[in-house]
Amino acid sequence: MSISANEARATKVEFGADSFSVTLLDGRILSVPKAWFPALCDASAAQLDNYVLSGGGIGIHWDELDEDILVPGLLLGTPSAKFTA
């Protein structure tokens, strides 16, 4: 069964030194560069772990960092508007 980007839901987020992984409800794991989301690059481990899955996992929200990430955007390879290559 194939799930479209609009139907993908996150169940967990984990952080490494330069990237983070998002585990999806269907078992896929996305690896995303932290550089795509500048607010995450300068955050402490405690701040990074303080996220909420919103909309049933469609979004990931960090209140303290004022950062919101949509899972469909990650699947499409869309970085933050604040990202500069």
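Residues numbered from 1 in each chain as written. Predicted model: local features only at pLDDT ≥ 70, side-chain atom pairs only at ≥ 80, totals over all residues. Heavy atoms only, no water.

1. Quick look at the environment of Leu 25
Link 1 in the chain: Mapped onto the elements, Leu 25 comes out in the loop between β2 (19–24) and β3 (29–33).
Link 2 in the chain: Expressed as a C-alpha distance, the spacing of Leu 25 and Asn 50, which sit 25 residues apart in the sequence, is 20 Å.
Link 3 in the chain: Once residues lying within four places of it in the same chain are set aside, the contact partners of Leu 25 are Arg 9 and Thr 11. (Helix = DSSP H or I, 4+ residues; strand = E, 2+ residues; numbered from the N terminus. Contact = heavy atoms within 4.5 Å.)

2. Points about the pattern of salt bridges
Link 1 in the chain: In the structure shown here, the tally under the stated rule is 2 salt bridges.
Link 2 in the chain: Glu 14 is the salt-bridge partner of Lys 12, the closest N and O atoms lying 4.0 Å from each other.
Link 3 in the chain: Note on Lys 12: relative accessible area 36%, which makes it partly exposed.
Link 4 in the chain: A salt bridge links Asp 26 to Arg 28; its shortest N-O distance comes to 2.9 Å.
Link 5 in the chain: Assessed through its relative accessible area of 37%, Asp 26 is described here as partly exposed. (Salt bridge = Lys/Arg side-chain N within 4 Å of Asp/Glu carboxyl O. Buried < 20%, exposed > 50% of the residue type's maximum accessible area, 1.4 Å probe, protein only.)

3. Quick notes on the pairing of strand β1 (residues 10–15)
The side chains of a regular strand alternate between both faces of the sheet.
Link 1 in the chain: Relative to β2, β1 is paired through 5 bridges, and the arrangement is antiparallel. If you follow Lys 12 over to β2, its bridge partner there is Thr 23.
Link 2 in the chain: Counted between consecutive antiparallel strands, the loop separating β1 from β2 contains 3 residues. (Pairing = 2+ DSSP bridges.)

4. Section: the packing of aromatic side chains
For any pair of aromatic rings, the description rests on two quantities: the centre-to-centre distance and the angle between the ring planes.
Link 1 in the chain: Applying the stated criterion to the full structure yields 4 aromatic pairs.
Link 2 in the chain: With a centroid separation of 5.5 Å and 35° between ring planes, the pair formed by Phe 15 and Phe 20 is classed as tilted.
Link 3 in the chain: On the basis of relative accessible area, Phe 15 is assigned to the partly exposed category, the value being 24%.
Link 4 in the chain: In this structure Phe 20 comes out as buried when scored by relative accessible area, which is 1%.
Link 5 in the chain: Residues Tyr 51 and Trp 62 carry aromatic rings whose centres are separated by 6.2 Å and whose planes lie at 55° to one another, so their mutual orientation is tilted. One end of the pair, Tyr 51, is in the loop between α2 (45–49) and β4 (52–54); the other, Trp 62, is in strand β5 (residues 59–62), and 11 residues separate them in sequence.
Link 6 in the chain: The exposure class assigned to Trp 62 is buried, which follows from its relative accessible area of 0%. (Phe/Tyr/Trp six-rings, centres within 6.5 Å; stacked < 30°, edge-to-face > 60°.)

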